[in-house]
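Given next are the chains, with one letter for each unit.
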Amino acid sequence: MQVPFLSLKDVTNKYRDEIHEAALRVIDSGWYLQGKENEKFETDYAHYIGTKYCIGCANGLDALIWIFRAYIELGIMKPGDEVIVPANTYIATILSITENGLIPVLVEPNINTYQIDDSLIESKITAKTKAIIIVHLYGRCAYTDKIGELCKKYNLKLIEDNAQAHGCMFNGKKTGSIGDAAGHSFYPGKNLGALGDAGAVTTNDVELAKAIHSLANYGSQKKYVFQYCGRNSRLDEIQAAILDVKLRHLDEDVALRKSVAKKYIEGIKNPKIVLPKISDWNQHVFHLFPILCEQRDELQKYLESNGIGTNIHYPIPPHKQECYKKWNSICLPMTEKIHAQELSLPMSPCLTDEQVNYIIDTINNY
Ligand SMILES: *Cc1c(COP(=O)(O)O)cnc(C)c1O
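Predicted model, so just to flag it, every value in this text is computed and none were measured.

Enquirer: Which parts of the structure should I look at to understand the packing of aromatic side chains?
Expert: What characterises a pair of aromatic rings is the spacing of the ring centres plus the angle enclosed by the ring planes. For the coordinates displayed, the defined rule picks out twelve aromatic pairs. Aromatic side chains Tyr114 and Tyr138 sit 6.0 Å apart centroid to centroid with 85° between the ring planes, which places their arrangement in the edge-to-face category. Of this pair, Tyr114 sits in the loop between strand E3 (103-107) and strand E4 (129-135) while Tyr138 sits in the loop between E4 and helix H6 (145-154), and the two are 24 residues apart along the sequence. When its relative accessible area of 5% is taken as the criterion, Tyr114 is described as buried.

Enquirer: What am I meant to see in the domain arrangement of the protein chain here?
Expert: Buried accessible area, meaning the area lost when the parts come together, often serves as the stated size of an interface. Segmentation of the protein chain into domains returns domain 1 (8-244) and domain 2 (250-365). Taking only C-alpha atoms, the centre of domain 1 and the centre of domain 2 are 24 Å apart. Each partner contributes residues to the interface: domain 1 has 36 residues there, and domain 2 has 38 residues. Taking both partners together, domain 1 and domain 2 bury about 3,300 Å²; carbon and sulfur atoms supply 62% of that area. Summed over the three residues of domain 1 that lose the most area to domain 2, namely Tyr114, Tyr138 and Asn191, the buried surface amounts to 23% of that side. Across the domain 1-domain 2 interface, the total number found is one salt bridge. With a closest N to O distance of 2.5 Å, Lys14 and Asp253 form a salt bridge. Taken together, the connections running from domain 1 to domain 2 amount to 18 residue pairs in polar contact (both at pLDDT 80 or more).

Enquirer: Can you walk me through unusual backbone geometry in this structure?
Expert: The omega torsion across His313 and Tyr314 is 10°, close enough to zero to call that bond cis. By the secondary structure assignment, Tyr314 is in the loop between helix H10 (296-305) and helix H11 (333-341). Its identity is not glycine, yet Tyr114 carries a phi of approximately 65°, on the positive side. Of note in the backbone geometry, Tyr218 takes a positive phi value of approximately 65° without being a glycine. With respect to the helices and strands, the residue Tyr218 is situated in the loop between helix H7 (206-215) and strand E10 (220-222).

Enquirer: Where do I start with the sheet that holds strand E5 (residues 157-161) in this structure?
Expert: Pairing between the strands of a sheet is mediated by backbone hydrogen bonds and can be parallel or antiparallel. Read from one edge to the other, the open sheet built from seven strands follows the order E1-E9-E8-E5-E4-E2-E3, with strand pairing classed as mixed. Strands at the two margins of the open sheet, each flanked by one partner only, are strand E1 (53-57) and E3. Between one strand axis and the next, the sheet turns by 20° as a mean value, whatever way the strands run. Bridge analysis of E1 against strand E9 (residues 199-203) gives five bridges, and the strand direction is antiparallel. Among the inter-strand pairings, Tyr53 is bridged to a residue of E9, identified as Thr203.

Enquirer: Whenever I open this one, the site of the ligand confuses me. Can you help?
Expert: Surrounding the ligand, one finds 14 residues, the nearest of these being Gly60, Asp161, Gln164, Ser185 and Lys190. In the model, an oxygen atom of the ligand is placed 2.8 Å from a nitrogen or oxygen of the Gly60 main chain. Ser185 places a side-chain nitrogen or oxygen 2.6 Å from an oxygen atom of the ligand. Protein burial of the ligand: of its 380 Å² of free accessible surface, 91% is covered by the chains. For the shell around the ligand, the elements supplying multiple residues, two or more each, are helix H4 (60-73) and helix H5 (91-98). Residues of the shell around the ligand, tallied by class, amount to seven nonpolar, five polar and two charged.

Enquirer: How do you make sense of the UniProt feature "active site" (unreviewed entry) in the protein chain when you look at a structure like this?
Expert: Residues annotated by UniProt as "active site" (unreviewed entry) correspond here to Lys190. Relative to the assigned elements, Lys190 resides in the loop between strand E8 (181-185) and E9. With a relative accessible area of 16%, Lys190 lands in the buried category. Beyond its immediate chain neighbours, meaning those up to four positions away, Lys190 contacts Ala163, His166, Ser185, Arg257 and His287. A distance of 3.5 Å separates polar atoms of two side chains, one belonging to Lys190 and the other to Ser185.

Conventions used here
- Residues numbered from 1 in each chain as written.
- Predicted model: local features only at pLDDT ≥ 70, side-chain atom pairs only at ≥ 80, totals over all residues.
- Heavy atoms only, no water.
- Phe/Tyr/Trp six-rings, centres within 6.5 Å; stacked < 30°, edge-to-face > 60°.
- Helix = DSSP H or I, 4+ residues; strand = E, 2+ residues; numbered from the N terminus.
- Buried < 20%, exposed > 50% of the residue type's maximum accessible area, 1.4 Å probe, protein only.
- Domains from an automatic or database assignment.
- Contact = heavy atoms within 4.5 Å.
- Buried area = accessible area lost by both parts, 1.4 Å probe.
- Salt bridge = Lys/Arg side-chain N within 4 Å of Asp/Glu carboxyl O.
- Polar contact = N/O pair within 3.5 Å; in protein donor to acceptor, adjacent residues only side chain to side chain.
- Pairing = 2+ DSSP bridges.
- Axes fitted to C-alpha atoms, helices over the stretch in contact; angles between N-to-C directions.
- Near = heavy atom within 4 Å.
- Areas by Shrake-Rupley, 256 points an atom, 1.4 Å probe, with all protein chains shown as cover.
- Nonpolar A, V, L, I, M, F, W, Y, C, P; charged D, E, K, R; others polar.
- UniProt positions renumbered as here; feature names shortened; annotations may be inferred.

Shown next as structure tokens:
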């Protein structure tokens, strides 16, 4: 049997007719940017996440960049200020900080959750710290009450990188509505994916929302009047229309991901494999299903030779990347362990029981 890591074609085909109808509607309308499709998606997504505002933009990296840039424009942060960030994240989180001349302060993850270890944050806070950015990595909620208390105590902004966690909950609230602002990616492979690049910011802060709306549109609120030196980082009408279709089905897709995860957790019984430890099923939407294995590379080859596609998220941690040479000698053992042992199994709302059982049996025979 062949099981690809992810078939985007299957994911799209699930809602093929609705997506075709939405795309054709925009094509035939003759209006391709800054129109009613953006307005509708922004309204619907803000409602879904539970914030007052949603601002669509070009991609998830830009969404995060705009949040920090807007805080700088509003005088709340300035270049040289520090931002606390998990050391084990996708590079985009760190880039959004350094792109703005802010300084990332890397914090190790908790080895049971793979999320930022909240017991290590307080000792990293200095007079220059202005924000904590949490990343709901793999689709698991990274927020804890302790993080909220630290933000209050030290007057820090809490920013969420919600690129991997659309639909995730914490105590009845959606991730993306917990902090002061959140960046969302709609990269095609994400839980809520466009058919191309797209992103958004959600927030309840009206000043921040206005600044981001302007920054992502050349720094302009009024045509040909420029308040900031912005960029062109807009969301296409066609992507907004497609995202609005997919948003209507997000909860059912998340439920399917959870049922795949449940089967993996109940079925995989191999002492060489460490499975995700789930304490609250509301707090995980399984963008990925990460396992740890000391013989990770060998396991990946074995699965590949049995027709099963996997991926590594991520092979090299940010502090070991060439673009961040000055950190290459820093030692972050938890982060390095996860990057050395992590393997993501196939995960999508389109996997069949037959495929999932085949993956479980193949892993149990390893
Ligand atoms: C995908 C991703 C991003 C960036 O999103 P793009 O839309 O690809 O720019 C940011 N952070 C995390 C954690 C991601 O997984």
